[in-house]
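So the chains spell out like this:
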Amino acid sequence: MSIMDTALRDALRALKLSGMLETLDARLAQAHDGELGHLEFLQTLCQDEITRRETVAFQRRITRAKSEQQVTLEEFDFAASPKLPAAQIRDLAALRWLHTGESVILFGPVGVGKTHVAQALGHLAIRQGPNVRFTKTSRVLADLAGGQADHTWDKRIRELVRPDVLILDDFAMRQLTAAQADDLYELVSESQGRSLILTSNRAPSDWYPLFPNPVVAESLLDRMINTSHQVIMNGPSYRPNKRPRGGDATTPRR
């Protein structure tokens, strides 16, 4: 290795251009063989660095999303349940709802793949750059209740509304207390301009009786429902299709 090579590598390390450093030998070989001119050599090295940074940023967003599983819409077996509105779900994959700050509601019986589709839409959003957060609605309510107890409520709700897309799984599972209803109202109000993805076993029209205060229910749900794309997911359970092949029966994955 020449002194110039060593100096170049030291300079790339100092500038934290590890993407260039990782491919430098290969690009030098291409340039030596006449495959790359001077400008092409530099442009290709720069693209290597851009690709590395995009990959690192993507993985960071994936980690922050805290999804239960890394699933994609390409993996979803629509043929397993012909009753599912495949065209509507694929249309949501274009993410127009995200760019306009609208929300998505996926509802239907247990096991039809609502959580898979929600996480897959989140994965698509992450690919385009936005930040996503996946969580169970029950965890959100418990987290905000804890914030009321230790006076960190403001900090906790800021963390929840920070992502561009917040996925609330298992929404409207049970009757809410007045405090829980108020917390949800504040969460949705603070999320204005950002998108929500909700999964629920109940139709949105059945959510209203779960709120102890009808005024809060009307104010919250009308705002949420009227700015959302609603997808009725019906049909046989998707979960048996996710069971491992062969061997003893195991607990199916969500």
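Not measured: the values here are computed from a predicted model.

> Account for the overall build of the protein, naming residues and giving values.
Within the protein, the regular secondary structure consists of ten helices and five strands. Out of the 254 residues belonging to the protein, those deemed buried represent 42%. Across the protein, contacts joining residues at least 24 apart in sequence account for 77% of those joining residues at least 6 apart. Of the roughly 14000 Å² that the protein leaves accessible, carbon and sulfur atoms contribute 53%. Averaging the locations of the 32 positively and 31 negatively charged side chains of the protein gives two centres separated by 5 Å.

> An account of the UniProt feature "domain: AAA+ ATPase" (unreviewed entry) in the protein is needed here, citing residue identities and associated values.
Mapped onto this numbering, the UniProt entry annotates "domain: AAA+ ATPase" (unreviewed entry) at residues 100–231. Taken end to end, residues 100–231 is 48% helix and 19% strand, and its two terminal C-alpha atoms sit 18 Å from one another.

> Please provide a residue-by-residue account of the environment of A172, values included.
Mapped onto the secondary structure, A172 falls in the loop between β3 (165–169) and α9 (178–190). Its relative accessible area of 14% is what places A172 among the buried residues.

> Explain the pattern of salt bridges to me, and be specific about the residues and the numbers.
Tallying each qualifying case throughout the model produces 13 salt bridges. Salt bridges sharing common partners tie together E68, K136, D169 and D170.

> Before we move on, can you summarise the packing of α9 against helix α10 (residues 214–225) with the specific residues and values?
For any two helices packed against each other, the geometry is given by the interaxial angle and the distance between the axes. Where α9 contacts α10, the two axes come as close as 10 Å, and the packing angle between them is 35°. The handedness of the crossing between α9 and α10 comes out as left-handed. Taking contact as the criterion, the partners of A181, D182, L184, Y185, V188 and S189 in α9 are, on α10, V216, S219, L220, R223 and M224. Here the residues of the contact of α9 with α10 are counted per class, giving seven nonpolar, two polar and two charged.

> Account for the nonpolar core, with residues named and values stated.
Within the largest apolar cluster, 30 residues are counted, with the highest numbers of intra-cluster contacts made by W97, L106, V117, L121, V165, I197 and M233. Sorting the residues of this core by element identifies α3 (38–65), α4 (86–92), α5 (96–99), β1 (103–107), α6 (114–128), β2 (132–136) and β3 as the ones contributing at least two each. Counting residues per element, this core draws most heavily on α6, which supplies seven residues. Counting contributing residues per domain, this core is built from domain 1 (3–65) and domain 2 (86–232), each supplying no fewer than three. If sequence neighbours within four positions are ignored, M233 has contacts with L84, I89, L106, F107, G108, P109, V112, G113, K114 and V117. Ranked by size, the runner-up nonpolar core spans 29 residues in total, among them F107, F171, L187 and L196.

> Residues and numbers for the sheet that holds β1, please.
On the basis of which strands lie adjacent, the open sheet formed by five strands has the order β2-β3-β4-β1-β5 and parallel pairing. The two strands at the open ends of the sheet, each matched to only one other strand, are β2 and β5 (228–232). On average, each strand axis in the sheet is tilted by 15° relative to the strand beside it, whichever way the strands run. Bridge count between β1 and strand β4 (residues 195–200): four bridges; the pairing is parallel. In the sheet register, F107 faces β4, and the bridge partner there is S200. This element, helix α7 (residues 137–150), spans β2 and β3 of the sheet and lies at about 90° to β2.

> Go over the domain arrangement of the protein, please, and point to the residues and values.
As far as domains go, the protein holds domain 1 (3–65) and domain 2 (86–232). Once you take the C-alpha centre of each, domain 1 and domain 2 turn out to be 41 Å apart. Each side of the interface is counted separately: domain 1 has five residues, and domain 2 has nine residues. Buried surface at the junction of domain 1 and domain 2, both sides included, amounts to about 600 Å², of which 57% is carbon and sulfur. Its largest share of buried area at the contact with domain 2, domain 1 owes to F58, R61 and A65, together 75% of the area lost on that side. Run the count over domain 1 and domain 2 and you get zero salt bridges. Our enumeration of links across domain 1 and domain 2 arrives at four residue pairs in polar contact (both at pLDDT 80 or more).

Calculation rules
Residues numbered from 1 in each chain as written. Predicted model: local features only at pLDDT ≥ 70, side-chain atom pairs only at ≥ 80, totals over all residues. Heavy atoms only, no water. Helix = DSSP H or I, 4+ residues; strand = E, 2+ residues; numbered from the N terminus. Buried < 20%, exposed > 50% of the residue type's maximum accessible area, 1.4 Å probe, protein only. Contact = heavy atoms within 4.5 Å. Areas by Shrake-Rupley, 256 points an atom, 1.4 Å probe, with all protein chains shown as cover. Lys, Arg positive; Asp, Glu negative; His and termini not counted. Charge placed at Lys NZ, Arg CZ, Asp CG, Glu CD. UniProt positions renumbered as here; feature names shortened; annotations may be inferred. Salt bridge = Lys/Arg side-chain N within 4 Å of Asp/Glu carboxyl O. Axes fitted to C-alpha atoms, helices over the stretch in contact; angles between N-to-C directions. Left-handed = near helix turned anticlockwise from the far one by under 90°. Nonpolar A, V, L, I, M, F, W, Y, C, P; charged D, E, K, R; others polar. Core = buried A, V, L, I, M, F, W, Y, C linked by side-chain atoms within 4.5 Å. Domains from an automatic or database assignment. Pairing = 2+ DSSP bridges. Buried area = accessible area lost by both parts, 1.4 Å probe. Polar contact = N/O pair within 3.5 Å; in protein donor to acceptor, adjacent residues only side chain to side chain.

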